[in-house]
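# Structural overview for review
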Amino acid sequence: MYDRILVPTDGSAGSKDVLRHAKTLATAHESEIHALYVVDIGRFSTLPHEPTWEGVTDSLHREGEMALDMVERLVADDVPVTRATTEGSPSREIVDYASQHGCDLIVMGTHGRGGIDRLLLGSVAERVVRSAHVPVVTVPVETAMQDLSDDEQPAGVPQ
C-alpha cells in the first residue's frame, strides 16, 4: 500500500517517536523512507543581507546533515533510506517533495501547540495536512532531550 514514506525531520529529540512510527509502517509495508530536512531560510529573509548570512546558511545545512544522519542511525538497518535537503517554506517543500518523488504517505511530528502559540507560530504539520495530496500521519512528539540515549543525540546539540 505504501511504497515510499516521506519523513520530514528537524533533528529534534522528538524525532525519535516519529521515526519509530515511520519505521514500523515501512517494515510492515516493505517500503522505503525518504528523510527530508528543509532549511527554512525564509525566517531570515526580512533581515538585511550580510556577508555572514552565507555562514548561517552553511550552518543550517550542516544541521540538516546531522538530522539526516540521525534518521539513518535509527532506521537504515532495517529500512532503505533516501536522504534529501531542500530550502524554502517547510510545509510547501514537504508537500512538493512528496508529489515530485511519488511518496504515498507522510509521517511527521506535531508539537501539540495550541491557543496563542499556534496562532502566532502556525503549524507546519497543520499546513501539510491541509495541502498534501497523500495521507499524513501526525505523531505527537516530546521535546525532552533526556528521552534519547547518548548514541541517538543529534551531533552538536548540547545535552
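Just so it is clear, the structure is predicted and the values come from calculations on it, not from any experiment.

### Concerning the overall build of the chain
Of regular secondary structure, the chain possesses five helices and five strands. The order of helices and strands in the chain, counted from the N terminus, is β-α-β-α-β-α-β-α-α-β. Counting all 159 residues of the chain, 36% fall into the buried class. Sequence-distant contacts, at least 24 apart, represent 77% of the contacts inside the chain between residues at least 6 apart. Roughly 9,000 Å² of accessible area belongs to the chain as shown, and the carbon and sulfur atoms make up 50% of that amount.

### A closer look at the sheet that holds strand β1 (residues 4-8)
Reading across the sheet, the five strands line up as β3-β2-β1-β4-β5 and stay open at both edges, with parallel pairing between neighbours. Across the chains shown, the open sheet's two edge strands, defined by having one partner strand only, are β3 (81-87) and β5 (136-140). On average, each strand axis in the sheet is tilted by 25 degrees relative to the strand beside it, whichever way the strands run. Across five bridges, the pairing between strand β4 (residues 105-110) and β5 is parallel. Bridging across to β5, Val-107 finds its partner in Val-137.

### Quick word on helix α1 (residues 15-29)
Compared with the 21 Å implied by 1.5 Å per residue over 15 residues, the 21 Å span of α1 between its first and last C-alpha is a close match. Every buried residue of α1 is accounted for by Ser-15, Lys-16, Val-18, Leu-19, Ala-22, Leu-25 and Ala-26. The first or second residue beyond α1 is Glu-30, which carries a positive phi of 50 degrees.

### Overview of the packing of helix α3 (residues 90-100) against helix α5 (residues 124-131)
One way to put it is that α3 packs onto α5 with a least axis distance of 9 Å and a crossing angle of 40 degrees. Taken as axis vectors, α3 and α5 run oblique relative to one another. Note on packing geometry: the crossing formed by α3 with α5 is right-handed. Of the residues in α5, those in contact with Pro-90, Ser-91, Ile-94 and Val-95 of α3 are Val-124, Arg-127, Val-128 and Ser-131.

### Observations regarding the nonpolar core
Core analysis: the biggest nonpolar cluster contains 24 residues, and Ile-5, Val-7, Ile-33 and Val-107 have the highest contact counts within it. For this core, the secondary structure elements donating two or more residues are β1, α1, β2 (32-39), α2 (53-75) and β4. Broken down by element, the residue count for this core peaks at six residues, all from α2. In this structure, Ile-33 is in contact with Ile-5, Val-7, Ala-22, Lys-23, Ala-26, Val-75, Val-79, Pro-80, Val-81 and Thr-82, ignoring residues within four places of it in sequence. Within the second largest apolar cluster, 14 residues are counted, among which are Leu-6, Val-38, Ala-84 and Ile-106.

### Some words on the confidence of the model for the chain
Across the chain, pLDDT averages 81, with 74% of residues at or above 70. Here helix α4 (residues 115-121) is the element of the chain with the lowest mean pLDDT, 50, and β1 is the one with the highest, 97. Counting interchain partners and residues more than four positions distant, the pLDDT-below-50 stretch residues 144-150 has 12 contacts. Segment residues 152-159: pLDDT under 50, and 17 contacts once partners within four positions in sequence are set aside and those in other chains are kept.

### Describing the pairing of β1
Counting buried positions along β1 gives four out of five residues, so the element sits mostly inside the fold. Regarding the hand of the β-α-β motif, the stretch spanning β1, α1 and β2 is right-handed. In the sheet, β1 pairs with β4 via two bridges, with the strands oriented parallel. Considered in β4, the bridge of Ile-5 is made with Leu-105.

Rules and cut-offs
- Residues numbered from 1 in each chain as written.
- Predicted model: local features only at pLDDT ≥ 70, side-chain atom pairs only at ≥ 80, totals over all residues.
- Heavy atoms only, no water.
- Helix = DSSP H or I, 4+ residues; strand = E, 2+ residues; numbered from the N terminus.
- Buried < 20%, exposed > 50% of the residue type's maximum accessible area, 1.4 Å probe, protein only.
- Contact = heavy atoms within 4.5 Å.
- Areas by Shrake-Rupley, 256 points an atom, 1.4 Å probe, with all protein chains shown as cover.
- Pairing = 2+ DSSP bridges.
- Axes fitted to C-alpha atoms, helices over the stretch in contact; angles between N-to-C directions.
- Expected span 1.5 Å × (residues − 1).
- Parallel < 35°, antiparallel > 145°, perpendicular 65-115°, else oblique.
- Left-handed = near helix turned anticlockwise from the far one by under 90°.
- Core = buried A, V, L, I, M, F, W, Y, C linked by side-chain atoms within 4.5 Å.
- pLDDT = per-residue confidence, 0-100.
- Right-handed = clockwise from strand over helix to strand, strands pointing away.

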